[in-house]
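Next come the chains, spelled out residue by residue.
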Amino acid sequence: MIGTWIIAIIMWFISGLAEMDFSYQGNIDALESAHISSEVEENAVKQLLTRLIPDRAEQFIIKVNNHLDDIDYFQIESGDDKVIITGTRGYAASAGVYHYLKYFCGCHIAWSGSQLNLPKVLPKPAKPLKIKFNDKYRYYQNVCTSSYSYVWWAWERWEQEIDWMALNGINLALAFTAQEAIFAKVFKELNFTDHDINVFFTGPAFLAWNRMGNIQAWVGPLTENWHELQIKLQHRILKRMRDFGMTPVLPAFSGRVVPAFKRVFPNASTTYLNKTWGHFQPPYTFVTFLEPTDPLFMKIGVKFLNTYIKEFGTNHIYNVDLFNEMPPPSNDTVYLQSCAKSAFKTLVAADPKAIWMIQGWMFYSDPQIWKPSQVKAFLLAVPLGKMIVLDLQSELYPQYQNLESYYGQPFIWCMLHNYGGVTGLYGSLENVNKGPFEGRTFKGSTMIGTGITPEGIETNDIVYELMNEMAWRKHPVDLENWLNNYSLRRYGNHSSNLVQALYYLKRSVYNATVPYRNHGKYILIRRPSLKQKP
């Protein structure tokens with residue numbers, strides 16, 4: 001019976017391949033976030049305005065027309081004594097709102113606070129201003145951000161974050177909340193006990209590393225109440241993102257299974273990718289990894305996605321990182337190719353429209369394993385255009401140049417910036433100002449977007465403000481002029497001393513052109529120790 005089922009899946013997949021467009025741009029352009037009605041997206045932007053500037057929201061007219069153009073843009077104009085902002089999607093119109101507030105009203109919106117002292121009479125554009133985004137996608141989040149920054153957020157804080165995303169034109173973002181509730185349900189249906197599951201999941205603050213397969217059980221287990229609250233929260237997160245027209249990137253099965261897996265499936269092909277990650281010791285390490293080539297991988301992966309989609313719906317882009325900071329059992333090209341093929345087959349078996357997104361961090365962090373031939377074998381196991389690679393820290397460690405633009409797979413130029421949620425002043429303004437343009441013009445470039453991928457957020461607003469503008473800027477900015485304007489918007493008044501201070505910071509802490517991963521480990525915020533040195 002199982003053999004017949006597997007043969008049917010294989011035959012279906014082969015027949016599907018014959019109909020695929022192997023042009024990466026064709027596939028990516030064909031993929032659109034589920035088109036909520038223009039009215040819903042317009043209302044989402046109007047409600048954002050009400051939250052942001054409640055006393056002035058009625059002075060704006062918001063229009064969303066997702067049939068205007070293939071490339072997102074927004075337009076700012078005036079009519080009937082009101083400011084009219086039109087966008088191709090809700091997030092594009094929201095970006096138009098922020099552009100107007102920034103460059104017509106001198107306002108500023110950031111994690112650390114906002115300056116929204118609008119003029120008594122709203123400025124009206126002399127003629128329509130149309131700004132087109134450069135790429136298809138503006139991406140947001142790192143798989144670690146959920147633990148370093150989001151873990152204890154309730155809806156009120158999530159609402160603020162999604163507003164910030166929309167205002168910055170972000171249209172593609174991870175949505176990882178509540179996946180453990182779905183995995184728990186799947187594992188129970190596979191005859192694992194509550195105890196089996198409890199000694200697998202970590203506590204909430206460490207779920208990022210549980211999902212990557214680094215650790216298990218640490219400060220666990222998760223309670224049923226936690227699962228219920230997270231499911232309710234995820235429904236609200238996804239609804240709001242979709243109301244703005246955004247595409248949530250959803251989780252999928254990456255091979256991490258409960259420690260008792262062999263008890264139920266004694267013939268399964270499993271291994272341990274890293275036995276002592278981060279100096280953790282058993283039972284918190286030795287996370288069981290189910291080989292992607294084992295038929296059970298597809299069975300569990302399809303079951304998970306079917307269950308997840310039934311609960312939350314889908315926008316067809318999924319994140320699966322098989323070997324993120326975890327060495328594969330072998331770097332044989334045939335093995336790596338077979339892993340990628342199996343992972344992708346699993347996705348399309350559950351969702352024929354599936355696009356696989358991966359973090360390309362492993363290609364930098366494990367260069368002895370991921371040599372060009374290994375990377376090529378892994379990436380080209382998936383039809384071109386059916387995978388998106390996040391070039392995770394392009395501002396300091398761009399990999400697309402060394403890997404021939406990911407051998408034809410589309411990639412997103414990302415600024416990582418923050419490791420571990422550290423809070424010190426730090427950034428690479430010059431690199432951010434130039435790098436995305438270099439990525440687009442690189443020979444044979446398959447770049448389809450810009451992104452921000454911090455491990456932790458709510459620091460260094462200035463760096464993220466500049467990076468988000470790279471999505472629509474047509475050439476690098478004059479940084480001193482930009483800093484002058486930034487200072488005025490952020491603080492609401494001109495100060496020559498403040499501007500001069502920003503110039504100094506630009507030449508020092510915000511000029512990190514040499515890779516330095518341990519930034520922010522300042523003695524004042526480190527754990528107390530008699531051995532610490534400045």
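This report concerns the structure included in the present document. (Residues numbered from 1 in each chain as written. Predicted model: local features only at pLDDT ≥ 70, side-chain atom pairs only at ≥ 80, totals over all residues. Heavy atoms only, no water.)

## Examining the packing of helix α4 (residues 90-103) against helix α19 (residues 479-491)
Packing of α4 against α19 leaves a shortest axis separation of 10 Å and a crossing angle of 90°. The angle between the axes of α4 and α19 places the two elements in the roughly perpendicular class. Between α4 and α19, the contacting residues are Tyr-98, Lys-102 and Tyr-103 on the first element and Trp-482, Asn-485 and Arg-489 on the second. (Axes fitted to C-alpha atoms, helices over the stretch in contact; angles between N-to-C directions. Helix = DSSP H or I, 4+ residues; strand = E, 2+ residues; numbered from the N terminus. Parallel < 35°, antiparallel > 145°, perpendicular 65-115°, else oblique. Contact = heavy atoms within 4.5 Å.)

## Thoughts on helix α17 (residues 429-441)
Residue Gly-435 marks the point of greatest curvature in α17, where the axis turns by about 35°; the proline Pro-436 follows within four residues. All buried positions along α17 are accounted for by Leu-429, Val-432, Asn-433, Gly-435, Pro-436, Phe-437 and Gly-439. Where α17 is buried, its residues meet β16 (411-415), β17 (447-452), α18 (461-469) and α19. (Bend = angle between axes of the 7 residues up to and from the residue. Buried < 20%, exposed > 50% of the residue type's maximum accessible area, 1.4 Å probe, protein only.)

## Focus: the pattern of salt bridges
Using the criterion set out here, one finds 21 salt bridges in the structure. Glu-469 is the partner of Lys-102 in a salt bridge, and the nearest nitrogen-oxygen pair spans 2.7 Å. Taken together, the residues span a long stretch of sequence, with Lys-102 in helix α4 and Glu-469 in helix α18 at a distance of 367 residues. Both residues of the pair, Lys-102 and Glu-469, count as buried. The residue Lys-239 makes a salt bridge to Asp-243 at a minimum N-O spacing of 2.8 Å. Of this pair, Lys-239 and Asp-243 both sit in helix α10 (residues 224-243), four residues apart, roughly one helical turn. (Salt bridge = Lys/Arg side-chain N within 4 Å of Asp/Glu carboxyl O.)

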